[in-house]
Amino acid sequence: MRAVQLVQVGKPLEDAEVALPTIGSSEVLVRVAACGICHSDAHYRGGISAIDLLPLTLGHEVAGRIETVGEGVTHVSPNDRVYVHYLVSCGCCDFCLRGHEQFCVKGQMIGKHRDGGYAEFIRIPGRSVFVLPDEIPFKHGAIMMCSSATALHALNKARVQSGDSVAIFGFGGLGFSALQLARAFGCRETYVVELNPAKLASITEAGGIAIDATAGDPVQQIREATGGKGVDVSIELVGSAITMEQAVRCLGVFGRAALVGLTAESMSILPYTDIINKEAEIVGVSDHLAPELSALMQFARSGALRFPQDALRSVDLEAAQINAALDAVGNSTDHIRTVIVPRL
Ligand SMILES: [Zn+2]
Ligand SMILES: [Zn+2]
């Protein structure tokens, strides 16, 4: 079968002809219908995130059709449309048994620790695939598997409720989904803090209240907009100490700050003013869970989570096109997502 692989870190991905995977009794073979090209794939290619296994087929945002199933798999059948949960977990360690599979001691991310979806087929445990509702296109199913799912996990971890006010820091892929999902949860005002003029302009269109961080302290702006109260929930998606501090400082009484962005910087907050005196909480968010994905599908089905037609671009399963998309992914300000659609 055809695959596009990372052969050498720091070099362009390469077209490869590889053996069709053979599946075990608990596994399925999925014919890839769509695989999202993600910012983290550019990091793997560039050596910013370490990759141990080479050559490696990248791709962790996958939807497709079941080709074959192992004899132990009963919940899906050949030709079923499915989406693929990207974390392969063991299902039997302490973390898995408690429902915290993102900390599985043997956890493997597809397209990072094992071959992913930049290929005609992917081999995956049966327990990692779920039926994709007919009305959701493969492309949408694929791109929801990463940033939208993690945005949902962040809102869940922050225990967001209908009527809450929310501040989202950063309007990239995660922020775009977080805003739509916050509205789907029935949140009242949803503020989105950004620096980038193009992104700021698109926030209002997406139903958020834009807070221009270049126009003054965003915490002050949020306090003024909320009559001094602050917000119930904040979601930090940028990954910088400054925005993390702001995400904590903009909270009101009983506020919850969910930190999603990655940084090695230290942050500084005032324990009494920022946390104790408000009974506020800071929550870490790491990845998402398979059981959350069905809720995501419901939001997509109801139209609460939308991916405008012009925001999706398709490329072939071909190294040159995929490398070009990976080159562009870091500078994107427009929420356009590129999806690999292998021609049959
Ligand atoms: Zn991704
Ligand atoms: Zn486990």
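Residues numbered from 1 in each chain as written. Chains lettered and ligands numbered in written order. Predicted model: local features only at pLDDT ≥ 70, side-chain atom pairs only at ≥ 80, totals over all residues. Heavy atoms only, no water.

(A) Structural detail: the overall build of the protein chain. Helix and strand counts for the protein chain stand at ten helices and 18 strands. Its C-alpha radius of gyration of 20 Å places the protein chain within 12% of the 20 Å reference for a compact globule of 344 residues. By the burial criterion, 53% of the 344 residues in the protein chain qualify as buried. Partitioning the contacts of the protein chain with sequence separation of at least 6, the portion at a separation of at least 24 is 72%. In the form shown here, the protein chain has an accessible surface area of approximately 15000 Å², with 53% of it arising from carbon and sulfur atoms. Within the protein chain, one finds 28 positive and 37 negative side-chain charges whose respective centroids are separated by 3 Å. (Helix = DSSP H or I, 4+ residues; strand = E, 2+ residues; numbered from the N terminus. Rg over C-alpha atoms; globule rule 2.2 N^0.38 Å. Buried < 20%, exposed > 50% of the residue type's maximum accessible area, 1.4 Å probe, protein only. Contact = heavy atoms within 4.5 Å. Areas by Shrake-Rupley, 256 points an atom, 1.4 Å probe, with all protein chains shown as cover. Lys, Arg positive; Asp, Glu negative; His and termini not counted. Charge placed at Lys NZ, Arg CZ, Asp CG, Glu CD.)

(B) Just the pairing of strand 11 (residues 166-169), in detail. Here strand 11 shows two buried faces, one formed by Val-166 and Ile-168 and the other by Ala-167 and Phe-169. Across four bridges, strand 11 lies against strand 12 (residues 190-194) in parallel orientation. Directly across from Ile-168, in strand 12, lies its bridge partner Val-192. Between the parallel pair strand 11 and strand 12, the chain is carried across by helix 4 (residues 173-184), and the sense of this crossover is right-handed. With four bridges connecting them, strand 11 and strand 14 (residues 231-236) associate as parallel partners. Bridge pairing links Phe-169 to Glu-236 in strand 14. (Pairing = 2+ DSSP bridges. Right-handed = clockwise from strand over helix to strand, strands pointing away.)

(C) A look at the coordination of the zinc ion (ligand 1). Listed as protein donors to the zinc ion (ligand 1) are Cys-38 (SG), His-60 (NE2), Glu-61 (OE) and Cys-146 (SG); their distances from the metal cover 2.0 to 2.4 Å. Considering all four donor atoms around the zinc ion (ligand 1), the spread of angles at the metal, 95 to 124°, places the coordination shape in the tetrahedral class. Mapped onto the sequence, the residues coordinating the zinc ion (ligand 1) show the spacing C-x21-H-E-x84-C. In this pair, Glu-61 is assigned in the loop between strand 4 (56-57) and strand 5 (62-69) and Cys-146 in helix 3 (residues 138-157), connecting sequence segments 85 residues apart. With respect to burial, Glu-61 and Cys-146 carry one shared label: buried. (Donors = N, O, S within 2.8 Å, 3.2 Å for Na, K, Ca; no water. Tetrahedral: all angles 85-135°; square planar, octahedral: opposite > 155°, others 65-115°.)

(D) Examining unusual backbone geometry more closely. Here the residue pair Leu-54 and Pro-55 is connected by a cis peptide bond, since its omega of -5° sits within 30 degrees of zero. Here Pro-55 shows up in the loop between helix 1 (39-46) and strand 4. Although it is not a glycine, Asp-287 sits at a positive phi angle of roughly 60°.

(E) Representation of the packing of aromatic side chains within the structure. Counting across every chain of the model gives four aromatic pairs. Where Phe-185 meets Phe-299, the ring centres are 5.6 Å apart and the plane angle is 55°; that geometry is what we call tilted. Of the two residues, Phe-185 is situated in the loop between helix 4 and strand 12 and Phe-299 in helix 9 (residues 293-302); the sequence distance between them amounts to 114 residues. Since its relative accessible area comes to 21%, Phe-185 is described here as partly exposed. Sitting over the ring of Phe-138, Arg-81 keeps its end group 4.3 Å from the ring centre. (Phe/Tyr/Trp six-rings, centres within 6.5 Å; stacked < 30°, edge-to-face > 60°. Lys NZ or Arg CZ within 6 Å of the ring centre and 35° of its normal.)

(F) Geometry of the coordination of the zinc ion (ligand 2). Every protein donor of the zinc ion (ligand 2) is listed here as Cys-90 (SG), Cys-93 (SG), Cys-96 (SG) and Cys-104 (SG), and their distances to the metal cover 2.3 to 2.4 Å. In this structure, the zinc ion (ligand 2) is surrounded by four donor atoms whose angles at the metal cover 104 to 118°, and the resulting shape is tetrahedral. Sequence spacing of the donor residues for the zinc ion (ligand 2), all on one chain, is C-x2-C-x2-C-x7-C. Residue Cys-90 is found in the loop between strand 7 (87-88) and helix 2 (94-97), and its partner Cys-104 is found in the loop between helix 2 and strand 8 (108-109); the two are separated by 14 residues along the sequence. The exposure class of Cys-90 is partly exposed, given its relative accessible area of 26%. The buried category is assigned to Cys-104, whose relative accessible area is 10%.

(G) Just the sheet that holds strand 1 (residues 2-6), in detail. Judged by pairing direction, the sheet is antiparallel, and its three strands sit side by side in the order 2-1-4 without closing on themselves. The strands lining the two open edges of the sheet, one partner per strand, are strand 2 (14-17) and strand 4. In terms of strand pairing, strand 1 meets strand 2 through four bridges, oriented antiparallel. Residue pairing in the sheet places Val-4 in a bridge with Asp-15 of strand 2.

(H) Main features of the pattern of salt bridges. Within the structure shown, the criterion is met by twelve salt bridges. We note a salt bridge from Glu-281 to Arg-159, for which the minimum N-O separation is 2.8 Å. Linking Glu-281 in strand 16 (residues 281-284) with Arg-159 in the loop between helix 3 and strand 11, this pair joins segments that are 122 residues apart in sequence. Accessibility expressed as a relative area gives 30% for Glu-281, which makes it partly exposed. Owing to a relative accessible area of 42%, Arg-159 belongs among the partly exposed residues under this scheme. Among the ionic contacts, a cluster of salt bridges with common partners joins Arg-188, Glu-189 and Asp-232. (Salt bridge = Lys/Arg side-chain N within 4 Å of Asp/Glu carboxyl O.)

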